[in-house]
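Residues per chain are reported as follows:
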Amino acid sequence: MSPSVARGVLNLRTLRITSCPLMEEVIAEEEQQGEEMTNEPLFPRLVDLMLRELPKLGHFFQTKCALEFPFLRKVQIDGCLEMKTFIQLGSVSTPSLETVYTAPSVIADFGVEDDLNKWIQRRFNSKEQESCQGTTDGNESEASNGDKSEARGYSTHC
């Protein structure tokens with residue numbers, strides 16, 4: 001989707017994207033769309049974000065701007081094997097972020113000083129080190145609860 005569409009979804013509180021094997025980014029680069037980036041937040045009221053079974057997803061968005069998700073409290077990332085950072089090139093502010101879930105066994109409690117980009121980078125680097133050493137955590141799959149939409153959310157299943 002384009003940045004202008006993401007900014008226009010004013011009341012979206014839950015975003016779930018699952019089982020899209022070819023998706024490489026959630027928000028398309030503004031240069032490709034011919035759009036200028038503004039200071040308006042993307043998904044201004046987003047509280048809960050789930051990215052699941054997106055094996056080619058490298059990042060959520062690529063921009064040189066600083067982005068803020070003022071109400072984002074929970075992020076779940078599972079099966080996004082190529083995800084190295086949340087915002088590529090730019091920075092991200094998530095002042096309300098409380099918890100990040102990755103794979104069923106990793107839960108991180110966040111504080112105001114924590115940086116989602118750096119946390120994802122550390123997690124990705126530790127996964128690469130584990131695979132180089134030939135170890136896995138044994139929890140590579142999780143039961144799917146299907147394609148459910150909440151009244152306050154949006155869910156997509158490719």
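These numbers were taken from a predicted model, which means no experiment stands behind them.

## Thoughts on the nonpolar core
Move 1: One finds Phe43, Leu51, Phe60, Phe69, Met83 and Phe86 to be the most contacted residues of the largest nonpolar core, which totals 33 residues.
Move 2: Mapped onto this core, the elements with two or more residues apiece are β1 (14-18), β2 (48-52), β3 (61-68), β4 (74-78), β5 (87-93) and α3 (116-133).
Move 3: Examining the composition of this core, we find that three residues originate from one element, α3, more than from any other.
Move 4: In this structure, Phe60 is in contact with Glu25, Val26, Ile27, Phe43, Leu49, Leu51, Phe69, Met83, Thr85, Phe86 and Ile87, ignoring residues within four places of it in sequence.

## Observations concerning the pattern of salt bridges
Move 1: Evaluation of the coordinates by the stated rule reveals three salt bridges.
Move 2: A salt bridge links Lys74 to Asp48; the shortest N-O distance between them is 3.9 Å. Linking Lys74 in strand β4 with Asp48 in strand β2, this pair joins segments that are 26 residues apart in sequence.
Move 3: Note that Arg73 and Glu98 form a salt bridge whose closest N and O atoms lie 3.4 Å from each other. Here Glu98 lies in the loop between β5 and β6 (99-102) and Arg73 lies in the loop between β3 and β4, a separation of 25 residues in the sequence.

Thresholds, definitions, all that
- Residues numbered from 1 in each chain as written.
- Predicted model: local features only at pLDDT ≥ 70, side-chain atom pairs only at ≥ 80, totals over all residues.
- Heavy atoms only, no water.
- Core = buried A, V, L, I, M, F, W, Y, C linked by side-chain atoms within 4.5 Å.
- Buried < 20%, exposed > 50% of the residue type's maximum accessible area, 1.4 Å probe, protein only.
- Helix = DSSP H or I, 4+ residues; strand = E, 2+ residues; numbered from the N terminus.
- Contact = heavy atoms within 4.5 Å.
- Salt bridge = Lys/Arg side-chain N within 4 Å of Asp/Glu carboxyl O.

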